[in-house]
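# A structural walkthrough
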Amino acid sequence: MELHKLKAHELKELINKKEVKVQEVTNSFLNRIDNVDDKIGAYLYVAKEEALSKAKELDEKIGRGESIGALGGVPIAIKDNISVKGMQNTCASKILEGYVAPYDAHIVENLKKEDAVILGKLNMDEFAMGSSNENSAYKLVKNPWDLDRVPGGSSGGAAASVASFEAPLSLGSETGGSVRQPASLCGVVGLKPTYGRISRYGLVAFGSTLDQVGPFGRDVEDCALITKHISGFDHRDSTTADVAVQDYTKGLTKDIRGKRIGIPKEFFGEGLNDEVRKSVEEAIRVLKDNGAVVEECSLPLSEYALAVYYIIASAEASSNLSRFDGIRYGHRTKDFNDAVDIYYKSRNEGFGKEVKRRIMLGTYALSAGYYDAYYKKALKVRNLIKQDFQRVFKEFDAVVSPTTPTPAFKIGEKVDDVLSMYLSDIYTVPVNIAGIPAISVPCGKVNGLPVGLQLMGDYFREDLLFNLAYSYEQSTNWHKEVPNI
């Protein structure tokens, strides 16, 4: 049995029935990483010793007849901007090279409490800034479906690790679509929860009012399983909501009769690849066949979301990244004259091109004379975009669109075309601006490359999104398609 090809809930069942040992499962994934990650580049750190030690501990507990946690023995990989005590946390940046996290993020505490096995830290765009995973300071991540193409970003390593069977589950983060976009390009399931559903404690900040941790899985059930166990209130993060967390796996049925789904006309206009459009339209027909009521709707202000996003996200990044000064921690230049020189040279040497670009954009937007014209205005438009969604959700249970306008593009294709790269997130950023949940599920292929269907829901209605996504998934075979890697 090739254990690395099984989904998380399948592995959990085998472990609970004592049909396999946790050490067998862990070794299967570690061997898979050894065999294929040289091609993919998903991992920046493989926690081999830590994973095998945890697996041995769990097998001993099971042998003694003791109970283990809800994720007991299930391997999980973590994006390298989420703190895991004793493991590196570089954010794929030279400025944090060698930095080892002294504490666990809230979500990692939850994973450990439920006895998950952490496989290691995953590659990403530097400080989560990018849509292609070409901005890592260490190495490229490649799309398992075509090694000449990008996996998406910034959580490209997290998506690619699941798609290439190097982990059954992974955790990424997203500020403007960095879970859903790579999920779409790599043919896996990715969830962006409601802002405040999951604690950001231990997640290195990029855009604090936009950032949110999100899971990747090979099917909807896996994502529903892990979401339950990483969600919830955390007193160390004042933005978390004290809202009851459901067992999302219990609402997974094909029955969606009577659910009202809106199709925003603004998400099907110019720039959408014709073959992607056909795949999404066919997916909508499946939802309709399963009992959903489908009607057109309008989100007229969504066209401004990308501009709003890049102003707000860059402004917050400029503020958040000011802490990396070459003095307190991280890279420090070797050649300096005074404290100002340390600050200037350390940041210049440590940060990559995209991070510098966004710091400069953000600093400009926050500067005297431009704050009102850019940042303040962006906040006002953000509020109007939220109101757009709130209006639509009074009439509809969910909204459906493509996740990305095109399938995965070639490595290097958009590196020098910044605007084209930013447009990769055109259908995902409105969700982050509004703070609502959304999920991407595989819904087709274009020239052998995966296409994603995006379902967006009202605040804290992850349960409904899982239900709709599961209904679609179980009516098609796209989630069974795997890359030949």
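Scoring rules and cut-offs
- Residues numbered from 1 in each chain as written.
- Predicted model: local features only at pLDDT ≥ 70, side-chain atom pairs only at ≥ 80, totals over all residues.
- Heavy atoms only, no water.
- Helix = DSSP H or I, 4+ residues; strand = E, 2+ residues; numbered from the N terminus.
- Rg over C-alpha atoms; globule rule 2.2 N^0.38 Å.
- Buried < 20%, exposed > 50% of the residue type's maximum accessible area, 1.4 Å probe, protein only.
- Areas by Shrake-Rupley, 256 points an atom, 1.4 Å probe, with all protein chains shown as cover.
- Lys, Arg positive; Asp, Glu negative; His and termini not counted.
- Charge placed at Lys NZ, Arg CZ, Asp CG, Glu CD.
- UniProt positions renumbered as here; feature names shortened; annotations may be inferred.
- 1 Å grid on protein atoms, 1.4 Å probe; cavity = no way out; pocket = protein on both sides within 12 Å on 5 of 7 lines; lining within 4 Å.
- Contact = heavy atoms within 4.5 Å.
- Polar contact = N/O pair within 3.5 Å; in protein donor to acceptor, adjacent residues only side chain to side chain.
- Phe/Tyr/Trp six-rings, centres within 6.5 Å; stacked < 30°, edge-to-face > 60°.

## A closer look at the overall build of the protein
On a plain count of helices and strands, the protein comes out with 15 helices and 11 strands. For 485 residues, the compact-globule estimate of 2.2 N^0.38 gives 23 Å, and the C-alpha radius of gyration of the protein, at 21 Å, lies within 12% of that figure. Oriented by its inertia axes, the alpha-carbon framework of the protein measures out at about 65 × 55 × 45 Å. Within the protein, the proportion of its 485 residues that are buried is 61%. Split by element, the accessible area of the protein, about 18600 Å² in all, is 48% carbon and sulfur. Computed over 61 positive and 66 negative side-chain charges, the inter-centroid distance for the protein is 2 Å.

## A word on the UniProt feature "active site" (unreviewed entry) in the protein
Mapped onto the present numbering, the UniProt feature "active site" (unreviewed entry) falls at Lys79, Ser154 and Ser178. Annotated residues spanning 100 residues; largest pairwise C-alpha distance 11.4 Å, indicating a single compact cluster. Lining the second largest cavity, out of the annotated residues just given, are Ser154 and Ser178. The residue Lys79 is located in strand β2 (residues 75-79) in this model. Discounting chain neighbours no more than four positions away, the residues touching Lys79 are Lys121, Leu122, Met124, Ala128, Ser154, Ser155, Leu171, Gly172 and Ser173. Here the side chain of Lys79 touches Ser154 through a polar contact of 2.7 Å, side chain to side chain. Among the structural elements, Ser178 can be located in the loop between β4 (169-174) and α6 (180-186). Those residues in contact with Ser178 that lie beyond four places of it in its chain are Ala128, Gly130, Gly153, Ser154, Ser155, Ser173 and Phe216.

## Thoughts on the environment of Val294
Among the structural elements, Val294 can be located in strand β8 (residues 293-297). Setting aside anything within four residues of it in sequence, one finds Val294 in contact with Ile261, Ile263, Ile284 and Lys288.

## Focus: the packing of aromatic side chains
One pass over the structure, following the stated rule, counts 12 aromatic pairs. Seen in terms of ring centroids, Tyr248 and Phe466 are 5.4 Å apart; in terms of plane orientation they differ by 50°. Their pairing is tilted. Highlighted residues: Tyr248 in the loop between α7 (220-230) and β7 (260-264) and Phe466 in helix α15 (residues 462-474), separated in sequence by 218 residues. Here Tyr248 falls in the buried class, since its relative accessible area comes to 3%.

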